[in-house]
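Residues per chain, in single letters:
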Amino acid sequence: MQVFSIAQEQPSDWWEVEALYDLCFAPGREALSSYRLRDGVDKVAPLCLIARDRDGIVAAAIRYWPIMVGDHPALLLGPIAVHPTRQGEGLGGLLMHQSLEMTEGLGWPRVMLVGDYPYYSRFGFEKLTGVEMPPPTNPDRVLGIGDWEGIEGAVTKWPEAK
């Protein structure tokens, strides 16, 4: 049985986490509209977690970013990635559950992401209507969890962006 340690991502982990994202996602991932929402914005550090195996190798990572939806604050989850050799071991689910459990306690009542509904629905995510991600984003992939009642509008960059 493999043992993993879960910890908050530290600045010294940046290169390893970025290498994992490069490995798991298509070239040009930073051209996606969600990356424009992250430019110059600090991550929500307590929610950015990594899983290391017993050899200290980063096996999975998850990040969160503050955004605005209309006039309301929210979190943008992503990216989340699991090293290809570690997929199917439950690490993605573990990071999702652990980080989502922390969001409300840190003052974030709602989380959204852009992803596959069949996969993320198992964590409680539902399709959001009236929430408009910058193009090009398929509206059917805009998902949310938490208190979204009455929340709609354009998704924009966090106002404290540098």
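Everything quoted here is computed from the prediction, not taken from an experiment. (Residues numbered from 1 in each chain as written. Predicted model: local features only at pLDDT ≥ 70, side-chain atom pairs only at ≥ 80, totals over all residues. Heavy atoms only, no water.)

A. Here's a closer look at the side chain of arginine 110. Its place among the elements puts arginine 110 in strand E5 (residues 110-114). Side-chain polar atoms of arginine 110 contact the backbone oxygen of aspartate 147, separated by 2.8 Å. Beyond its immediate stretch of four places on either side in the chain, arginine 110 contacts His72, Pro73, Ala74, Leu75, Ile145, Gly146, Asp147, Trp148 and Ile151. (Helix = DSSP H or I, 4+ residues; strand = E, 2+ residues; numbered from the N terminus. Polar contact = N/O pair within 3.5 Å; in protein donor to acceptor, adjacent residues only side chain to side chain. Contact = heavy atoms within 4.5 Å.)

B. Representation of the pattern of salt bridges within the structure. Tallied over the entire structure, the rule returns eight salt bridges. In this structure, arginine 63 and glutamate 18 form a salt bridge, with 2.6 Å as the shortest nitrogen-oxygen distance. You can see arginine 63 sitting in strand E3 (residues 58-69) and its partner glutamate 18 sitting in helix H1 (residues 14-24), a full 45 residues away along the chain. Relative accessible area serves as the criterion here: at 4%, arginine 63 is assigned to the buried category. (Salt bridge = Lys/Arg side-chain N within 4 Å of Asp/Glu carboxyl O. Buried < 20%, exposed > 50% of the residue type's maximum accessible area, 1.4 Å probe, protein only.)

C. Just the packing of aromatic side chains, in detail. Overall, the coordinates contain seven aromatic pairs when judged by the stated rule. Between the aromatic rings of tyrosine 21 and phenylalanine 25, the centroid separation amounts to 6.1 Å while the plane-to-plane angle is 45°, which identifies the pairing as tilted. Relative accessible area serves as the criterion here: at 0%, tyrosine 21 is assigned to the buried category. A residue is classified by how much of its surface remains accessible, and phenylalanine 25, at 31% relative accessible area, is partly exposed. Feature note: the residues Tyr119, Tyr120, Phe123 and Phe125 constitute an aromatic cluster, connected by ring pairs. Here lysine 127 stacks its cationic end above the ring of tyrosine 117, 5.3 Å away from the centre of that ring. (Phe/Tyr/Trp six-rings, centres within 6.5 Å; stacked < 30°, edge-to-face > 60°. Lys NZ or Arg CZ within 6 Å of the ring centre and 35° of its normal.)

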